[in-house]
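Structural overview for review
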Amino acid sequence: MKPFNDNSYGQFLNEGKIMGTKCKKCGALALPPRPICVACFGNEMEWFEFKGKGKLSAFTSIVVAPPAMAKEGFGRNNPYVVGVVNLEEGVKAVARIVGVDARKPELIKIGTPLQAEFIVKEEGGVKQTILVFHP
Ligand SMILES: [Zn+2]
């Protein structure tokens, strides 16, 4: 098992794996990984791989982009969608939703089945993988 630290989640994403934590005491899952269980406050966690399948449970179309997203051209004239995905494992994940029309949020349906996708970015020789979801 990889050591549990703040970088582990990103390293796993680079390998195409969605890793969260599972509490050894009560079995509660968390994504992103957490060192302390949100259910029982236990601190004995193990890695748990999520399949990356789920359903859209809420979303918002974002027109005021944070600096990192604005740099990629997102903003008032090019909004993007962030959603809450109800994963098959029973955990909610918050992530960008791609493959939907952010300009027509009325066409995006709650309950749409979603699949994880990895977007790889490279900046200054550092590889960073971002987890997004698409229908
Ligand atoms: Zn627990």
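Criteria and cut-off values
- Residues numbered from 1 in each chain as written.
- Predicted model: local features only at pLDDT ≥ 70, side-chain atom pairs only at ≥ 80, totals over all residues.
- Heavy atoms only, no water.
- Core = buried A, V, L, I, M, F, W, Y, C linked by side-chain atoms within 4.5 Å.
- Buried < 20%, exposed > 50% of the residue type's maximum accessible area, 1.4 Å probe, protein only.
- Helix = DSSP H or I, 4+ residues; strand = E, 2+ residues; numbered from the N terminus.
- Contact = heavy atoms within 4.5 Å.
- Donors = N, O, S within 2.8 Å, 3.2 Å for Na, K, Ca; no water.
- Tetrahedral: all angles 85-135°; square planar, octahedral: opposite > 155°, others 65-115°.
- Pairing = 2+ DSSP bridges.
- Axes fitted to C-alpha atoms, helices over the stretch in contact; angles between N-to-C directions.

Notes on the nonpolar core
Where a protein is soluble and globular, its nonpolar side chains tend to be buried together. Judged by nonpolar contacts, the single largest core of 19 residues is most densely connected at L31, F50, L87, I97 and F133. Those elements that place two or more of their residues in this core are β5 (80-87), β6 (92-97), β7 (113-123) and β8 (126-134). Excluding residues within four positions of it along the chain, L31 makes contact with Y9, I18, M19, G20, F50, L87, V91, K92 and A93.

A few points about the coordination of the zinc ion
Binding of the zinc ion to the protein goes through C23 (SG), C26 (SG), C37 (SG) and C40 (SG), at separations of 2.3 to 2.4 Å. Each of the four donor atoms around the zinc ion contributes to a set of angles spanning 103 to 115 degrees, which defines the coordination as tetrahedral. Every donor residue of the zinc ion comes from the same chain, spaced as C-x2-C-x10-C-x2-C. Of the two residues, C26 is situated in the loop between β1 (18-23) and β2 (29-30) and C37 in the loop between β2 and β3 (45-50); the sequence distance between them amounts to eleven residues. In this structure C26 comes out as partly exposed when scored by relative accessible area, which is 42%.

Some words on unusual backbone geometry
Of note, the amide linkage connecting L31 to P32 takes the cis form, showing an omega dihedral of -5 degrees. Structurally, P32 can be placed in the loop between β2 and β3. Not every positive phi belongs to a glycine, and F41 is a case in point at roughly 65 degrees. Inspection of the secondary structure assignment puts F41 in the loop between β2 and β3. With a relative accessible area of 65%, F41 lands in the exposed category.

What about the sheet that holds β6?
With respect to topology, five strands assemble into a closed barrel ordered β4-β5-β6-β8-β7, the strand pairing being mixed. When the angles between neighbouring strand axes are averaged without regard to direction, this sheet yields 45 degrees. Across nine bridges, β7 lies against β8 in antiparallel orientation. Of the residues in β8, the one forming a bridge with A116 is F133.

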